[in-house]
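Observations on the three-dimensional arrangement
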Amino acid sequence: QSVLTQPPSASGTPGQRVTISCSGSSSNIGSYTVNWYQQLPGTAPKLLIYNNNQRPSGVPDRFSGSKSGTSASLAISGLQSEDEADYYCATWDDSLNALFGGGTKLTVL
Amino acid sequence: QVTLRESGPALVKPTQTLTLTCTFSGFSLSTSKMCVSWIRQPPGKALEWLARIDWDDDRFYSTSLKTRLTISKDTSKNRVVLTMTNMDPVDTATYYCARTPTCGGLYYFDYWGRGTLVTVSS
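Given the structure is predicted, the values throughout are model-derived calculations rather than measurements.

Definitions and cut-offs
- Note that residues are indexed from 1 along each chain, following the sequence as it is written.
- Here chains are named by letter from A upward and ligands by number from 1 upward, in the order in which they appear as written.
- Where local features are concerned, this predicted model is filtered to residues with pLDDT of at least 70; where side-chain atom pairs are given and counted, the filter is 80 or more; whole-chain, interface and lining totals use all residues.
- In computing side-chain values, all of the structure's heavy atoms are included and hydrogens and water are not.
- Under the DSSP-based scheme used, a helix requires at least four consecutive residues in state H or I and a strand at least two consecutive residues in state E, with every element numbered from the N terminus.
- We compute the radius of gyration over the C-alpha atoms and compare it with the globule rule, which gives 2.2 Å times the number of residues raised to the power 0.38.
- Exposed residues in this analysis have more than 50% of their type's maximum accessible area, buried residues have under 20%, and partly exposed residues fall in between, with area computed by a 1.4 Å probe over protein chains only.
- A contact between two residues is defined here by any heavy atoms of the two lying within 4.5 Å.
- Computed with the Shrake-Rupley method and a 1.4 Å probe, the accessible areas treat only the protein chains shown as cover for residues.
- The positive count covers Lys and Arg only, the negative count covers Asp and Glu only, and His and the chain ends enter neither.
- In plain terms, the charge of a residue is placed at NZ if it is Lys, CZ if Arg, CG if Asp and CD if Glu.
- Here the rule is simple: two strands pair whenever DSSP picks up at least two bridges between them.
- Axis definition: a line fit to C-alpha positions, over the contact stretch in the case of helices; interaxial angles, taken between N-to-C directions, run 0 to 180 degrees.
- Cavities and pockets are defined on a 1 Å grid built over the protein atoms alone: a cavity is a set of grid points where a 1.4 Å probe fits but cannot escape, while a pocket is an open set with protein on both sides within 12 Å along at least five of seven lines, and lining residues are those with an atom within 4 Å of any such point.
- Grid points are joined across faces, edges and corners, and a volume is the space filled by probe spheres set on the points.
- Three classes are used, and their members are as follows: Ala, Val, Leu, Ile, Met, Phe, Trp, Tyr, Cys and Pro are nonpolar, Asp, Glu, Lys and Arg are charged, and the others, Gly among them, are polar.
- A 1.4 Å probe defines the accessible area here, and the buried area is the portion of it lost by two parts on being joined, summed over both.
- In what follows, salt bridge is the name for a side-chain nitrogen of Lys or Arg lying within 4 Å of a carboxyl oxygen of Asp or Glu.
- N or O atoms closer than or at 3.5 Å make up a polar contact, with two conditions inside protein: a donor-capable atom paired with an acceptor-capable one, and, for residues adjacent in sequence, both atoms drawn from side chains.

1. Some remarks on the overall build of chain A
Each helix and strand counted, chain A has zero helices and nine strands in total. The N-to-C order of helical and strand elements in chain A reads β-β-β-β-β-β-β-β-β. Radius of gyration (C-alpha) of chain A: 13 Å, near the 13 Å computed for a compact globule of 109 residues. A principal-axis box enclosing the C-alpha atoms of chain A has dimensions of 40 × 30 × 25 Å. Looking at chain A as a whole, 47% of its 109 residues qualify as buried. Long-range contacts, defined as pairs at least 24 residues apart, comprise 57% of the intrachain contacts of chain A with a sequence gap of at least 6. Here chain A displays about 4,900 Å² of accessible surface, and carbon together with sulfur accounts for 45% of that area. In chain A, the 6 positive side-chain charges and the 7 negative ones have mean positions that sit 5 Å from each other.

2. Remarks on the sheet that holds strand β1 (residues 3-7) of chain B
All names here are of chain B. As summarised here, the arrangement of the four strands in space is β1-β3-β8-β7, forming an open sheet in which the pairing is antiparallel. At either end of the open sheet lies a strand with only one pairing partner, and these are β1 and β7 (69-74). Strand-to-strand twist in this sheet, taken as the mean axis angle between neighbours without regard to direction, amounts to 20°. The pairing of β7 with strand β8 (residues 79-84) spans six bridges and is classified as antiparallel. Pairing of Ser72 across the sheet is with Val81, part of β8.

3. A few points about the layout of surface pockets
Roughly 370 Å³ of volume is contained in the largest pocket. In terms of lining residues, the largest pocket is bounded by 15 residues, among which Gln1(A), Ser2(A), Val3(A), Leu47(B) and Glu48(B) are the most central. Elements with a minimum of two residues in the lining of the largest pocket: β8 (98-100) of chain A together with β5 (48-54) of chain B. Ranked by residues supplied to the lining of the largest pocket, first place goes to β8(A) with three residues. When its residues are assigned to classes, the lining of the largest pocket shows eight nonpolar, six polar and one charged.

4. Thoughts on the interface of chain A and chain B
Between chain A and chain B, the contact holds 20 residues from the first and 22 residues from the second. Both sides of the chain A and chain B interface together cover about 1,700 Å² of buried area, and 65% of this is carbon and sulfur. Summed over the shared surface of chain A and chain B, the result is zero salt bridges. Counting the contacts that link chain A with chain B gives eight residue pairs in polar contact (both at pLDDT 80 or more). Examining the composition of the side of chain A that touches chain B, we find that three residues originate from one element, strand β3 (residues 35-39) of chain A, more than from any other. Partitioned by chemical class, the residues of the side of chain A that touches chain B number 10 nonpolar, 10 polar and no charged.

What follows is the structure, given as structure tokens:
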């Protein structure tokens, strides 16, 4: 059972805006920055958002992240079929253990 | 460009020790703030961080697995090695290594290997 809680699934139609939540506590999200990873089927995870809301080079601006208190969110606007993937939030704790959420499977209807 | 590649046995027997090697290029583990982690993912399940080694040889382990894990590096050969003792079928997973360029500051994994599937079965 993951320390960070994500909804197991989310869905949307092409062009829609979808948000995925990630809930933690004061000892993890409340104290440290949040990152998001996208894992396309059969591939390794890819960094999508770091430092709560920063996009690495090459990540479309359709993807955005935010954090408030002990929760974080990933928003995807202008949903596309290629966005169908698993999404993981991540942060760390005082022992410098990296923590991952349970993952959210995004389906594009 | 930065690449990482995991290698090791595809099949291990219960109680055996697993040794995995991460061979990387495009960066050096002697560079300040650089570190490499191991992360695993059982089939159909979530990611789980296992261990990390830093440029200055600091090492960090998953609280739940630390008695079974050892991480080490060979900076001259651009390799990081993870050993996990007393393997069990629940340890069946794809094992990834990943880089963090800012350890000691922001902590994220910007490059990942493709992963190697390890099955534990007699």
